[in-house]
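Tertiary structure, described
Now for the letters of each chain:
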Amino acid sequence: MFMAPAQVLAAENILDDIAVGHKAGSNPGEEQAGAPGADFSVAGDFGEMDSDSYEYRIGPMDLIEVEVFQAGELSRTARVNTQGYVSLPLIGPVKVAGLTTGEAERRIEKVLGEKYLQDPHVTVFIKEYESQKITVEGWVKNPGVFPLKGKTTFLQAIANAKGMDRLADFSEVAIFRTVEGKTKGYILSYTKVRSGQQPDPVLKSGDIIVVNRSGSKAGWELFTKTLTSFVGWTVLF
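**A closer look at the environment of Lys 192**
Within the element layout of this structure, Lys 192 appears in helix H4 (residues 190-195). By relative accessible area, Lys 192 is classed as partly exposed at 39%. Each C-alpha atom, one on Lys 192 and one on Phe 170, is 8.9 Å from the other, the two residues being 22 residues apart in sequence. Here Lys 192 is in contact with Gln 197 and Gln 198, once residues within four sequence places are set aside.

Okay, structure coming up:
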C-alpha cells in the first residue's frame, strides 16, 4: 500500500505528533489517543520488524527467467500476470505468486515431471522486481518509490535514496507499516542505527520511511543565510 503525496505530507505531520508523544513518555506500543492519526501507534520493539530469514517472494508483474536444464525449448523469460501466473511452454500457466524462487523451481519441476520430463531440473531467476516496493519520503536527497530487491534494511533504503539531507532530523526517523489494515509507526535514530546502538530493521513491501526536517538545523541554516546576505560574513561549519 503506497501513499499519495498528500498522504505522505499527512504522515510527516503525524510523525511530529507521534514524536512529541514519544518524548513525553507515552507508552510505546499504545495508540496515541487524540492524535490526528489515532490508528497509528508507536512500537518500541524493533525486533518485530527484523527477519534474518527474509526471502523475496514472487509477485504480479515481476519478470522471471525460467531455465530447464538440457531443455532450452522449455526455457522462457516471462512476466507474472495480475493473477499471479506465469505462462510456460507445454505446461501453460503455473501459479508462482507468493513463492520464493526455490519454491517456484520445485513447483515447475513437479508439473514438468508429471507430464513431460523425467527428473527435470529447473532454475528460476528474477530479472525485474516490480511487485514489492517501499517509499522513502521527506528530507532525503532523492525521495521516491524503490523496488525491494531481496532483503533490504532501513540503512540500505536510505542509501538508495542517496542519503540524508543536511537539514534532516537524524535523531528521529519513522517507518510506517500497515498490517491487516492497521498502521504502526516505528521511530528510530538514523545516527544510532549507523553506530550499531539500534538494530537496522529489515523492510517489507509497502513500508514507508518518512524523514522529518530538523527544526534546529533549519533555523540555523536560515540564520546563517540571513547573516551572510546582510553582513557579508562567512560562516564556517
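**Details of unusual backbone geometry**
Even without glycine at this site, Met 61 takes up a positive phi of about 80°. Looking at the element boundaries, Met 61 is found in the loop between helix H1 (5-23) and strand E1 (63-68).

**Observations regarding the confidence of the model for the chain**
Model confidence for the chain is summarised by a mean pLDDT of 78, while 68% of its residues fall at 70 or above. H1 is the least confidently modelled element of the chain, averaging 46 in pLDDT, while E1 averages 97, the highest of any element. This stretch, residues 1-12, has a pLDDT under 50; its non-local contacts, to residues over four places away or in other chains, come to 19 contacts. The low-confidence segment residues 232-237, where pLDDT is below 50, has 10 contacts with residues more than four positions distant or belonging to other chains.

**Concerning the sheet that holds strand E5 (residues 122-128)**
Overall, antiparallel pairing links the 3 strands, which are arranged E2-E1-E5 in an open sheet. Each of the sheet's edge strands pairs with one partner strand only, and the pair in question is strand E2 (76-79) and E5. The average undirected angle you get between the axes of adjacent strands in this sheet is 25°. Pairing geometry for E1 and E2, over 4 bridges, is antiparallel.

**Regarding the sheet that holds strand E7 (residues 144-147)**
Sheet architecture is open: 5 strands sit in the order E7-E6-E10-E8-E9, paired in mixed fashion. Every interior strand has two partners, whereas the edge strands, E7 and strand E9 (182-188), have only one. Averaged over all pairs of adjacent strands, the angle between strand axes in this sheet comes to 20°, irrespective of strand direction. The sheet contact formed by strand E6 (residues 133-138) and strand E10 (residues 208-213) spans 4 bridges and is parallel. Looking at E10, one finds that Val 136 is bridged to Ile 209.

**Focus: the side chain of Glu 105**
By the secondary structure assignment, Glu 105 is in helix H2 (residues 101-115). The contacts of Glu 105, once residues within four sequence positions are left out, are Val 122, Thr 123 and Val 124.

**What about the packing of aromatic side chains?**
Applying the stated criterion across every chain, the model contains 3 aromatic pairs. Ring centres 4.8 Å apart and planes at 80° place the aromatic pair Tyr 56 and Tyr 129 in the edge-to-face group. Taken together, the residues span a long stretch of sequence, with Tyr 56 in the loop between H1 and E1 and Tyr 129 in the loop between E5 and E6 at a distance of 73 residues. Classification of Tyr 129 by relative accessible area gives partly exposed; the value is 23%. Seen from their ring centres, Phe 170 and Tyr 190 are 5.5 Å apart, and the 70° between their planes marks the pair as edge-to-face.

**Comments concerning the nonpolar core**
One broad rule of soluble globular proteins: the nonpolar side chains tend to lie buried together. One finds Ile 64, Ile 108, Phe 154, Ile 158 and Ile 209 to be the most contacted residues of the largest nonpolar core, which totals 44 residues. Take this core: its biggest share by element is 4 residues, from H2. Sequence-distant contacts of Ile 209, that is, excluding residues within four places in its chain, are made with Thr 135, Val 136, Glu 137, Phe 154, Ala 157, Ile 158, Val 173, Ala 174, Ile 175 and Leu 203.

**Details of the environment of Leu 155**
With respect to the element layout, Leu 155 can be found in helix H3 (residues 154-160). Residue Leu 155 is classed as partly exposed on the basis of its relative accessible area of 24%. With 39 residues separating them in the primary sequence, Leu 155 and Arg 194 have C-alpha atoms 7.5 Å apart.

**Regarding H2**
Between its terminal C-alpha atoms H2 stretches 22 Å, which fits the 21 Å expected from 15 residues at 1.5 Å a residue. Looking at H2, one finds that the buried residues are Gly 102, Ala 104, Glu 105, Ile 108, Val 111 and Leu 112. Looking at the buried residues of H2, the elements they touch are E1, strand E3 (85-88), strand E4 (92-95) and E5.

Cut-offs used in this document
- Along each chain, the written sequence defines residue order, and numbers are assigned to residues from 1.
- Restriction of local features to residues with pLDDT of at least 70 applies here, the model being predicted, together with a cutoff of 80 or more for giving and counting side-chain atom pairs; totals for whole chains, interfaces and linings are based on all residues.
- Excluded from the side-chain calculations are hydrogens and water; all other atoms, namely the structure's heavy atoms, are used.
- Counting from the N terminus, the helices are the DSSP runs of H or I reaching at least four residues and the strands are the DSSP runs of E reaching at least two.
- The cut-offs for exposure are 20% and 50% of the maximum accessible area for each residue type, with area from a 1.4 Å probe on protein chains only; residues under the lower value are buried, those over the upper are exposed, and the others partly exposed.
- Any two residues whose heavy atoms approach within 4.5 Å at even a single point are treated as in contact.
- Along the chain, pLDDT gives the predictor's confidence residue by residue, from 0 to 100.
- Pairing between strands is defined by DSSP: at least two bridges between the two strands are required.
- A fitted line through C-alpha atoms serves as each axis, taken over the contacting stretch for helices, and the angle formed by two N-to-C directions is quoted from 0 to 180°.
- Pairing of aromatic rings covers Phe, Tyr and Trp, the last through its six-membered ring, and needs centres within 6.5 Å; plane angles under 30 degrees mean stacked, over 60 mean edge-to-face, and all others mean tilted.
- To form a nonpolar core, buried Ala, Val, Leu, Ile, Met, Phe, Trp, Tyr and Cys residues must be joined to one another through side-chain atoms within 4.5 Å.
- By definition here, a helix of n residues has an expected span of 1.5 Å times n minus one.

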